[in-house]
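Spelled out from the first residue to the last, the chains are:
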Amino acid sequence: MRCGPELSIIVPTFNERENIAELIGRLVVSLGDRSWEVVFVDDDSPDGTADVVREHAAVDSRVRCVQRIGRRGLSSACIEGMLATTARYLAVIDADLQHDERLLPQMLDALKEGETDIVIGSRYAPGGDIGDWNARRARMSRLAVRLSRVLVPAEVTDPMSGFFMMRRSVLEGSAHRLSAIGFKILTDVFASFPRPLRFKELPYRFRVRRAGESKLDSVTAWDYLMLLLDKLIGRWIPVRFLAFSIVGATGVAVHFAVLTLVLQGLHRSFVAGQAAALLCAMTFNYAVNNVLTYRDRRLTGIRWVRGWASFVLACSIGGIANLGVSSTIYDFGRGWFPAAIGGILVGAVWNYAVTMMLTWGRGRR
Ligand code: GDD
Ligand code: MN
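Residues numbered from 1 in each chain as written. Chains lettered and ligands numbered in written order. Predicted model: local features only at pLDDT ≥ 70, side-chain atom pairs only at ≥ 80, totals over all residues. Heavy atoms only, no water.

S.K.: Is there a simple way to explain the overall build of the protein chain in this structure?
M.R.: For the protein chain, the count of helices and strands is twelve helices and seven strands. Oriented by its inertia axes, the alpha-carbon framework of the protein chain measures out at about 75 × 45 × 40 Å. A buried classification covers 46% of the 365 residues belonging to the protein chain. The contacts of the protein chain with a sequence gap of at least 6 include a subset with a gap of at least 24, amounting to 76%. Working note: accessible area of the protein chain is about 18000 Å², and carbon and sulfur atoms make up 61% of it. Each charge class in the protein chain can be summarised by its mean position, and for the 45 positive and 35 negative side chains these summaries are 6 Å apart. (Helix = DSSP H or I, 4+ residues; strand = E, 2+ residues; numbered from the N terminus. Buried < 20%, exposed > 50% of the residue type's maximum accessible area, 1.4 Å probe, protein only. Contact = heavy atoms within 4.5 Å. Areas by Shrake-Rupley, 256 points an atom, 1.4 Å probe, with all protein chains shown as cover. Lys, Arg positive; Asp, Glu negative; His and termini not counted. Charge placed at Lys NZ, Arg CZ, Asp CG, Glu CD.)

Now the structure itself:
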């Protein structure tokens, strides 16, 4: 006999304590006596969102809380929330009441008819609306929609939607392939499911955030790019390695800038300049990788300093490996260019692999 809820609503949260009671209240009204539960997945919000959720959970068994520590990310939160449930139907909705929860019963009915895998709340379908967005964000959103066309069928008007409901089989069919990067879980699901999804869209008006503030920032665009890249080439090259390499390449510019400054501005020796340039470039690379490449495991406070030390240590050894490999290739008479490239490749792979474990490894908290 099935006794678990038929519908699980997953709500990713970060600093949303003011919105929890209102959202639960509205779900109760919208879903009436249907069989449902709501699972909040909170990334250890400093405002104590998880505690607020647990207060509700203590008096209402339809409310549950998953608290993740030392992790960030909307997509991965949704996926882990879904995996913590058994319901036949899975919905994702934001906590800030920007999505129209009154669509949930309609979404459920549409799925139960059996012809549809996923129902999407759309701001761009006829009748939908993006609400009060400034021109810049509206432009960004439209650009992101256009980019998504490589992964999501063109008929989906709102592939960026964070509001949808799907059959459990869609999760099961895509779970192991999901990239789980950044904000755009719907794009991820479409691109990860082995066959085209049968979808339906319901228009709604994107409302104004009720309390608190948006977590979307300029890094969201970077995350989105990483998601697209992971879907397109991730099978061959880990996208984190790609990000790490891009950051590494920009570090070269920092290196030369500092070197020039020390040599020409301060008139110091080459060795002094080179040492200062190396340290600055490594610190720069560390800081940027910490915000971009490892955003979901970002180190702060004292852990930032510890992470910096391990990064500098690892990359120094990487530098020695680079020297060893390049001089060996050079000694074989292969010329300086291939030798340098060989050294850079080995050094980059070493730095990436070692800092992944040592600096941003899961055990270091
Ligand atoms: N667990 C967790 N971890 N939750 C997060 C994180 C995180 O790192 N970042 C954001 N959230 C939660 C927020 O608390 C909120 O409930 C929801 O995810 C959406 O975050 P917002 O910051 O409100 O995003 P938005 O309003 O700019 O954009 C949303 O709506 C768009 C339209 O549907 C997102 O869902 C977008 O992906 C979506 O395109
Ligand atoms: Mn929002």
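Next comes the rest of the description.
S.K.: Any chance you could explain the sheet that holds strand S4 (residues 89–92) here in plain terms?
M.R.: By definition, the strands of a sheet pair up through backbone hydrogen bonds, in either a parallel or an antiparallel sense. Strand order in the open sheet formed by seven strands is S3-S2-S1-S4-S6-S5-S7, and the pairing between neighbours is mixed. Two strands close off the open sheet at either side, each with one partner strand: strand S3 (63–67) and strand S7 (199–203). Recorded for the sheet is a direction-independent mean angle of 20° between the axes of neighbouring strands. Where strand S5 (residues 118–122) and S7 come together, five bridges link them in parallel fashion. Across the sheet, residue Gly121 finds its bridge partner in S7, namely Leu202. The strands touched by helix H1 (residues 20–31) within the sheet are strand S1 (7–13), strand S2 (36–42) and S3, with S2 carrying the most contacts at an inclination of about 160°. The sheet contacts of helix H3 (residues 74–83) involve S1, S2, S4 and strand S6 (164–167), and relative to S1 the element is tilted by about 150°. (Pairing = 2+ DSSP bridges. Axes fitted to C-alpha atoms, helices over the stretch in contact; angles between N-to-C directions.)

S.K.: Looking at this structure, how should I read the side chain of Arg209?
M.R.: Among the secondary structure elements, Arg209 is positioned in the loop between S7 and helix H8 (218–233). You can call Arg209 buried: its relative accessible area is 18%. A polar contact of 2.9 Å, which involves the side chain of Arg209, links it to the side chain of Glu16. There is a polar contact of 3.1 Å between the side chain of Arg209 and the side chain of Asp96. Setting aside residues no more than four positions away along its own chain, Arg209 makes contact with Glu16, Asn19, Asp96, Gln98, Ser214 and Lys215. (Polar contact = N/O pair within 3.5 Å; in protein donor to acceptor, adjacent residues only side chain to side chain.)

S.K.: What is the right way to look at a positive patch on the surface in this model?
M.R.: Residues Arg136, Arg139, Arg142 and Arg146 make up a contiguous surface patch of positive charge. Inspection of the secondary structure puts Arg136 in helix H5 (residues 135–148). (Patch = residues over 30% accessible without salt bridge, like charges linked within 9 Å, V, L, I, M, F, W, Y side chains within 5 Å. Salt bridge = Lys/Arg side-chain N within 4 Å of Asp/Glu carboxyl O.)

S.K.: How should the nonpolar core be read in this particular structure?
M.R.: In this structure, Met82, Ile118, Phe164, Met166 and Phe190 are the most contacted members of the largest nonpolar core, which totals 37 residues. Examining the composition of this core, we find that six residues originate from one element, H8, more than from any other. Leave out the neighbours within four places in its chain, and Met82 touches Ile10, Leu90, Val92, Phe164, Met166, Arg168, Leu171 and Ile185. With 34 residues, the next largest nonpolar core counts Phe40, Ala95, Met165 and Leu202 among its residues. (Core = buried A, V, L, I, M, F, W, Y, C linked by side-chain atoms within 4.5 Å.)

S.K.: I'm lost on the packing of aromatic side chains in this one. Help?
M.R.: Here a ring pair, both rings aromatic, is described through the centre-centre distance and the interplanar angle of the planes. The final tally for this structure, using the stated rule, is eleven aromatic pairs. For the ring pair Phe163 and Tyr204, a centre distance of 5.5 Å and an interplane angle of 90° mean the geometry is edge-to-face. You can see Phe163 sitting in the loop between H5 and S6 and its partner Tyr204 sitting in the loop between S7 and H8, a full 41 residues away along the chain. Relative accessible area serves as the criterion here: at 0%, Phe163 is assigned to the buried category. Accessibility expressed as a relative area gives 3% for Tyr204, which makes it buried. (Phe/Tyr/Trp six-rings, centres within 6.5 Å; stacked < 30°, edge-to-face > 60°.)

S.K.: Please clarify how the site of ligand 1 should be interpreted in this entry.
M.R.: The immediate surroundings of ligand 1 are formed by 28 residues, with Glu16, Asp43, Arg72, Met160 and Lys215 found nearest. One of the backbone nitrogen or oxygen atoms of Gly73 is found 2.9 Å away from an oxygen atom of ligand 1. Here an oxygen atom of ligand 1 sits 3.0 Å away from a polar atom, N or O, in the main chain of Ala95. Only S1 and H3 provide two or more residues apiece to the shell around ligand 1. For the shell around ligand 1, a count of residues per class yields eleven nonpolar, seven polar and ten charged. (Near = heavy atom within 4 Å. Nonpolar A, V, L, I, M, F, W, Y, C, P; charged D, E, K, R; others polar.)

Such coordinate-based values are descriptive only and should not be taken to indicate function.
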